[in-house]
Amino acid sequence: LVAHFSARLRLRSTLQHTMGSTAMSALLLPSKALSRAIVLWMLKVVMPRPKAVIGVSLFVILACGAGVIFINEKSEGDELWVPQDTQVMKNRDIVTARYGSPPSWQSTILSSALSPNALTPEGVDAMYDLETKAKQLPAFNNTCLKRDGGAEAASGSCVYTSITALWCDRSHYNAEVIAAADPQAALLQILDTRQRFSFCHGGKGVELGRLVGSPTYADGSNFQSATSNSSITGASYLLGWYVNDMDKPLSDVISSEEEFGDLMKAEERRLGDTWRLSYAYDTALDTEIGRSVSGDIPLVA
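Residues numbered from 1 in each chain as written. Predicted model: local features only at pLDDT ≥ 70, side-chain atom pairs only at ≥ 80, totals over all residues. Heavy atoms only, no water.

**Q** Can you help me understand the overall build of the protein in this one?
**A** Of regular secondary structure, the protein possesses 10 helices and 5 strands. Counting all 301 residues of the protein, 29% fall into the buried class. Considering only contacts in the protein between residues 6 or more positions apart, those separated by 24 or more positions represent 66%. Accessible surface, the protein as shown: approximately 19100 Å² in total, 61% of it carbon and sulfur. (Helix = DSSP H or I, 4+ residues; strand = E, 2+ residues; numbered from the N terminus. Buried < 20%, exposed > 50% of the residue type's maximum accessible area, 1.4 Å probe, protein only. Contact = heavy atoms within 4.5 Å. Areas by Shrake-Rupley, 256 points an atom, 1.4 Å probe, with all protein chains shown as cover.)

Structure follows, in structure tokens:
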């Protein structure tokens, strides 16, 4: 009985092994056939005439990759991620055709590394320093959008929005704030009154939300709940916003914005642990998107 049982076990094991080997052989059959065909092709076709095979291979590669020359690279976010056949994009094209391309921009955000309040005379001084250096860039005054005479005017000041727009120029600021007995109190008083009326801008008010960020008020209100009677006491950061004239050659605008980026990098290091400087410019966003798109082109090809 033991011998009979052992024989049946051996038979069952042999059948399982045979069935497993057969299944594995069936799975490996296509790869074996392909390997055999490759070896035969190398022996009968490639080795006797290597130059001809190389020439034909190069021709096939070039023919298949010829479509690469028709690749049109797009890095603008509204062209990459927004469907172009929507009514919104059609309306944008109509506005652009009628009024020209929207201006590009450069911006700075300055906050204190030592205090939650950046709305101080020292903060305004730092913003003036940044603007002075930006205006000294070779391409800045050639590409900025001009006021007082239209976009094509060679004279006139550059269009910008900043905390420094509260004064006509830096000497005006020094006379009103720095020379005051209490510069901090003078600064806050001017911001409270001049945000509603500014004689430096034709009597137009200065919009607070474009000058400072996260303002605090003496009555405990916030930016949304503050009224005309709320007195500002501080702000988390100061803003600067500059506009380029897109009627100027695009290469000049890009060059100007790249100069601005290099300057801000140097200023960020100079300000060190006293001030935190954040900055952005229009073409930087497209450049970053374009970097990833350019990296994908070889994969598509």
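**Q** How do you make sense of the nonpolar core when you look at a structure like this?
**A** If you look at soluble globular proteins, the nonpolar side chains tend to sit buried side by side. Residues Leu-119, Ile-163, Trp-167, Leu-191, Val-212 and Ile-232 are the most contacted members of the largest nonpolar core, which totals 39 residues. Here the element with the most residues in this core is helix H5 (residues 121-135); it accounts for 6 residues. Setting aside its immediate chain neighbours within four residues, Val-212 contacts Leu-119, Ile-163, Ile-232, Ala-235, Tyr-237, Leu-238 and Leu-239. (Core = buried A, V, L, I, M, F, W, Y, C linked by side-chain atoms within 4.5 Å.)

**Q** Is there a simple way to think about the side chain of Thr-120 in this case?
**A** Mapped onto the fold, Thr-120 is located in the loop between strand S1 (105-112) and H5. If sequence neighbours within four positions are ignored, Thr-120 has contacts with Gln-184, Leu-187 and Trp-275.

**Q** Is there a simple way to explain the pattern of salt bridges in this structure?
**A** Side-chain pairs of opposite charge can arise where the charged atoms are in close proximity. A full pass over the atoms with the stated rule returns 4 salt bridges. For Glu-267, the salt bridge is made with Lys-133, and the minimal N-O distance between the two is 2.9 Å. On the criterion of sequence distance, the pair formed by Glu-267 in helix H9 (residues 250-271) and Lys-133 in helix H5 is long-range, its members being 134 residues apart. According to the relative accessible area criterion, Glu-267 is buried, its value standing at 5%. Using a relative accessible area of 29% as the deciding quantity, one classes Lys-133 as partly exposed. Glu-267 is the salt-bridge partner of Arg-270, the closest N and O atoms lying 2.6 Å from each other. Placement of both Arg-270 and Glu-267 in helix H9 is noted, with a separation of 3 residues, approximately one turn of the helix. Among the residues examined, Arg-270 registers a relative accessible area of 44% and is labelled partly exposed. One network of salt bridges, with partners in common, ties together Asp-125, Asp-129 and Arg-170. (Salt bridge = Lys/Arg side-chain N within 4 Å of Asp/Glu carboxyl O.)

Remember, this is a structural readout, not a statement about activity or role.
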